[in-house]
Amino acid sequence: MESKITPGPYRATKLWNETIELFRARMPLKKHRLHFRTHDRCFTASEGVDCLHELLRSNHNFGPEVTRYQTVQLLKKFLKNHVIEDIKGRWGKEDFEDNNRLYRFPPSSPLKPYPKKSSYLICDMYPKFPNWNDYDVPKPGPVPVRPIILNSDLWHKRHSIAIGEVSECRIVHREEVSQGTVEGIWKSMTVAHLQKILGLDSLDGVLDSKLLNPKHIIYNVHHINKQGVVILENKLEELPHWVLSAMRCLANWPNGSELNRPMYPGFERDVFKTIADYFQKPKEPLLTFEFYELFINMLGLLQQKRDGIEALQVCCLLLPPENRRKLQLLMRMMTRIVHNIEMPPLHAAVANRMLMIQTFSRCILCSEDEVDLDELLATRLVSFMMDHYQDILRVPEHLQNAVEEYLAHLRRVQIKYAGADADAMLASHISCHQISTEDFKEQRSSQAAVEALLEEIIMDKSMSVKEKKKKLKQFQKSYPDIYKKRFPTTDSETVLFPEKPKLRPQLMFFTMKKSFQPFHRTRSFRM
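A brief structural summary. (Residues numbered from 1 in each chain as written. Predicted model: local features only at pLDDT ≥ 70, side-chain atom pairs only at ≥ 80, totals over all residues. Heavy atoms only, no water.)

1. Examining the pattern of salt bridges
This is how the line gets drawn: In the sections that follow, a salt bridge refers to a side-chain nitrogen of Lys or Arg positioned within 4 Å of a carboxyl oxygen of Asp or Glu. Put simply, DSSP marks the helices as runs of H or I at least four residues long and the strands as runs of E at least two long, and each gets a number from the N terminus on. Think of it in three bands: residues with accessible area under 20% of the maximum for their type are buried, residues over 50% are exposed, and the middle band is partly exposed, with areas taken using a 1.4 Å probe on protein chains only.
Across all of its chains, the model carries 13 salt bridges by this definition. Notably, a salt bridge pairs Lys 76 with Asp 95, separated by 3.8 Å at the nearest N-O pair. Of this pair, Lys 76 sits in helix H3 (residues 68-80) while Asp 95 is found in the loop between strand S3 (85-86) and strand S4 (102-104), placing the two residues 19 residues apart along the sequence. The exposure class assigned to Lys 76 is partly exposed, which follows from its relative accessible area of 28%. We note a salt bridge from Asp 86 to Arg 101, for which the minimum N-O separation is 3.3 Å. Taken together, the residues Asp 86 in strand S3 and Arg 101 in the loop between S3 and S4 connect sequence positions 15 residues apart. Assessed through its relative accessible area of 31%, Arg 101 is described here as partly exposed.

Structure follows, in C-alpha cells:
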C-alpha cells in the first residue's frame, strides 16, 4: 500500500487520517448474526485486526515489523476516537479485544484537524548556501575538458599586470573566522541540506530553527573516538558505570562480563531488564521532542536505503552530544544481541529482534503530545536504524567537507591589485585546454570557492549598497552561469537592496522648479 503523504508539516496527523480512510475503504463489511439477530454492514474484531494488520504491514511508513498486538492497540485507539463503534453504538470507554465481538463504522469517522500554522520561518534568518555536492562525477573514459569563459576586460587586466602597467599589489590576510560565524555556517548549510533531502522550499512546521543548536552539530562532528562514538567532556552526562557494564555484558555475551556476579539460569534476562528500566525511565526520548516531526518526515525516505541513511545521518547530527552517545551505545548493543547466535531468548514469547524494537522504540522516538501512531512509527524507524546503525550514526562526510571547504576559503590569503577587481582574479586560466582528472577535481573545488565568494559578497554588511552592486555586476560579468544560478530572477536580486523612500509630491515639485529655470530669450545678438 503506497502512501500519498508527502514530506511536510503535520505528517503524523496526515498519516493518521490516511490510515482511517484506507481502513474504512478496504475493510469488508458483511452480515453477521448475534443473539438470534442479523446485523448488516459490520465486522468482527478479529476480521478488523486481520484487515488493518495487512494494511499496516504493506505501508512503507510502518513496514512488515508491525505486530498483531500493535494492530490491536491501534484499534483500541480507533474505538476511543470513535473511528469505529460496537454494534450497539458504544465507543470511548469500551475496550477492544481480538475476538468475535461485532463492530461497525459510524456514518462519518472524525478526522483530526491540522494544528494552526506556526509563526516561525526557518529559512528567513539565514541565506541559502550553494550545494557543493551536485557536480557531476567524471566517468571513466576520455579526459574531461573544462570550458573557460573568456572575458576581454579580464584579459586586459591580466595583460596589463604582466607588462607592468599595474605594478602595485598587496597581500591581504583574512581575519580569523569568529566562532559565531563558524556556527552560523554549520547551521545554514545543515538546514539547506535537510531542505534538499526532503524536497521542501522551507522547513516551516517541520523544524524550528530556534531549537537547532549549531554547537551540538560541531561537537558531534569533532569529538569522537575511532569507532565514531561521541566522547563527552562532562562526565556527569555519561551513562552510569553499572549501566555501561550491563550493556557490555550483553553486547559481548557470553564473554567479557564485567559484573563480577555469579551466573545463574535467567541471568541474562535480569541484566536486560535492568538496562531496559534505565532507558525507559526518562520522560523525553533520545531523539528529543523537538525533533519528532523532523524524524517522522524522514520515514518516507526509508524505502530507498541510500536516501534513508543520508537523511538520518544529518538528523542524528542535530542531537545533544549526550543523547547521540547514548543512542550509539544502545543501538550497538541491540544489534549485537540480535546477531549473536549464542544469546538465548530474552523473552519466552517474543524473538530477540522484536523484543529489542518493542522495548526501546518508545525510548528512542515519541511525541510530547502522545500522537496515536507513535508506537508504529517508532517501530519502523528503530527497525531501519538497527539494520544500518553504523552508517546512520557516522558523521556525514559530504556535509563536513562542504563546510570545511567554505571555512578554508574564508581564511584564505588574497592578493589585491590596484585598479583591478580582486574578485575577478579567481579565474586562473585564459584558454581552454585538456586537463587531467585530478586537475578537473581540483577545479571543481575552485568553482565551489567562487560560489562561496559570491555568498560572502552578499552577506557583507560593512559594504555600502553602491559598492555591493558594483561588485555583483563585476561578478555577473565574469561568472554569468554561477550568478544566474544564485539569482534566477530579477526579483531575487531586488531582495538584497531595500527600496529608497519616494519623494513627496510637494518636494518633487520644488525640486523640478529649482532644476528647470525658464529660458530667457534674447532679442538680438550683436557682434
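2. Details of empty space enclosed by the protein
Put simply, the rule is: A 1.4 Å probe that fits but cannot get out identifies a cavity on a 1 Å grid over protein atoms alone, an open set with protein on both sides within 12 Å along at least five of seven lines counts as a pocket, and a residue lines either if it has an atom within 4 Å of a point. Grid points are joined across faces, edges and corners, and a volume is the space filled by probe spheres set on the points. Think of it as three bins: nonpolar holds Ala, Val, Leu, Ile, Met, Phe, Trp, Tyr, Cys and Pro, charged holds Asp, Glu, Lys and Arg, and polar takes everything else, Gly as well.
Going through the model one piece at a time under the given rule, you end up with two cavities of 30 Å³ or more. Within this model, the second largest cavity holds a volume of roughly 50 Å³. Forming the walls of the second largest cavity are Gln 70, Gln 73, Leu 74, Lys 77, Asp 372, Leu 373, Glu 375 and Leu 376. Mapped onto the lining of the second largest cavity, the elements with two or more residues apiece are H3 and helix H13 (374-387). When the residues that make up the lining of the second largest cavity are grouped by side-chain class, the tally is three nonpolar, two polar and three charged.

3. Thoughts on the packing of aromatic side chains
The criterion, for reference: Pairing of aromatic rings covers Phe, Tyr and Trp, the last through its six-membered ring, and needs centres within 6.5 Å; plane angles under 30 degrees mean stacked, over 60 mean edge-to-face, and all others mean tilted. Note on criteria: charge over ring means Lys NZ or Arg CZ within 6 Å of the ring centre, with the direction from the centre no more than 35 degrees off the ring normal.
Per the stated rule, a full pass over the model turns up 13 aromatic pairs. Look at Phe 23 and Phe 78: their rings are 5.9 Å apart centre to centre, the planes differ by 35 degrees, and that puts the pair in the tilted class. Highlighted residues: Phe 23 in helix H1 (residues 11-26) and Phe 78 in helix H3, separated in sequence by 55 residues. Ring geometry for Phe 23 and Phe 105: centres 5.4 Å apart, planes at 80 degrees, overall edge-to-face. Highlighted residues: Phe 23 in helix H1 and Phe 105 in the loop between S4 and helix H4 (152-163), separated in sequence by 82 residues. Note on Phe 23: relative accessible area 0%, which makes it buried. Put simply, the rings of Trp 16, Phe 23, Phe 43, Phe 78 and Phe 105 touch in pairs and so form one group of aromatic residues. The ring centre of Trp 16 lies 4.6 Å from the NZ or CZ of Lys 112, which sits over that ring.

4. Things to note about the packing of helix H8 (residues 267-280) against helix H12 (residues 352-364)
Quick reminder of the rule: Where helices are involved, their axes are fitted lines through C-alpha atoms of the stretch in contact, as for all axes, and angles between N-to-C directions lie from 0 to 180°. Any angle between 65 and 115 degrees counts as roughly perpendicular, while under 35 counts as roughly parallel, over 145 as roughly antiparallel, and the rest as oblique. Helix crossings get a hand from a simple test, with the near helix turned counterclockwise from the far one by less than a right angle marking a left-handed crossing and a clockwise turn marking a right-handed one. By the convention used here, residues are in contact when the closest approach between their heavy atoms is within 4.5 Å.
Where H8 meets H12, the closest approach of the two axes is 8 Å, and the angle between their N-to-C directions is 25 degrees. As far as their axial angle goes, H12 and H8 are roughly parallel. Like other packed secondary-structure pairs, H8 and H12 cross with a definite hand, here left-handed. Side by side, H8 and H12 meet where Phe 272, Ile 275, Ala 276, Phe 279 and Gln 280 of the first sit next to Leu 355, Met 356, Thr 359, Phe 360 and Cys 363 of the second. The residue inventory of the contact of H8 with H12, partitioned by class, reads eight nonpolar, two polar and no charged.

5. As for the sheet that holds strand S1 (residues 30-34)
Put simply, the rule is: Here, a strand pair is defined by DSSP locating no fewer than two bridges between the strands.
Taken together, the four strands give an open sheet; going across it, the order is S1-S2-S4-S3, and neighbouring strands pair in antiparallel fashion. The open sheet is flanked by S1 and S3, the only strands paired with a single partner. Across two bridges, strand S2 (residues 37-44) lies against S4 in antiparallel orientation. Residue pairing for S4: Phe 43 is matched across the bridge by Tyr 103. Along the sheet, helix H2 (residues 45-57) contacts S1, S2 and S4; its crossing angle with S2, the most-contacted strand, is approximately 25 degrees.

6. Side note on the environment of Leu 318
Here Leu 318 shows up in the loop between helix H10 (305-316) and helix H11 (321-339). By relative accessible area, Leu 318 is classed as buried at 2%. For the pair Leu 318 and Thr 190, spaced 128 residues apart in sequence, the C-alpha to C-alpha distance is 9.1 Å. If we ignore the near neighbours within four places in the chain, the residues touching Leu 318 are Thr 190, Leu 194, Leu 207, Leu 212, His 216, Ile 217, Phe 291 and Leu 294.

7. Some thoughts on the nonpolar core
Under the convention used in this document: By nonpolar core we mean a set of buried residues, namely Ala, Val, Leu, Ile, Met, Phe, Trp, Tyr and Cys, connected to one another through side-chain atoms within 4.5 Å.
Phe 23, Phe 78, Ile 84, Phe 295, Met 298, Leu 327 and Phe 360 are the most contacted members of the largest nonpolar core, which totals 115 residues. The residues contacting Phe 78, other than those within four sequence positions of it, are Trp 16, Thr 19, Ile 20, Phe 23, Leu 52, Val 83 and Ile 84. In this structure, Leu 454, Met 463, Leu 472 and Tyr 479 belong to the second largest nonpolar core, which totals 12 residues.

8. Looking at the pairing of S1
Direction of pairing for S1 relative to S2: antiparallel, over a ladder of four bridges. In the sheet register, Lys 30 faces S2, and the bridge partner there is Cys 42. Following S1, the chain reverses through two residues before pairing antiparallel with S2; His 35 in that reversal takes a positive phi of roughly 55 degrees.

9. Things to note about H1
What counts here: Residue count minus one, scaled by 1.5 Å, sets the expected span of a helix.
Over its 16 residues, H1 runs 22 Å from end to end, which matches the ideal 22 Å to within 8%, given 1.5 Å per residue. Three or more residues of H1 are buried, namely Arg 11, Ala 12, Thr 13, Leu 15, Trp 16, Asn 17, Glu 18, Thr 19, Ile 20, Leu 22 and Phe 23. Buried-residue contacts for H1 involve S2, H2, H3, helix H9 (292-298) and H13.

10. Here we look at the packing of H1 against H3
Running from amino to carboxyl end, H1 crosses H3 at an angle of 90 degrees, the nearest separation of the two axes being 13 Å. Between H1 and H3, the crossing angle belongs to the class labelled roughly perpendicular. For the pair formed by H1 and H3, the contact residues are Trp 16, Thr 19, Ile 20 and Phe 23 on the first element and Leu 74, Leu 75, Lys 77 and Phe 78 on the second. Residue composition of the contact of H1 with H3, grouped by class: six nonpolar, one polar and one charged.

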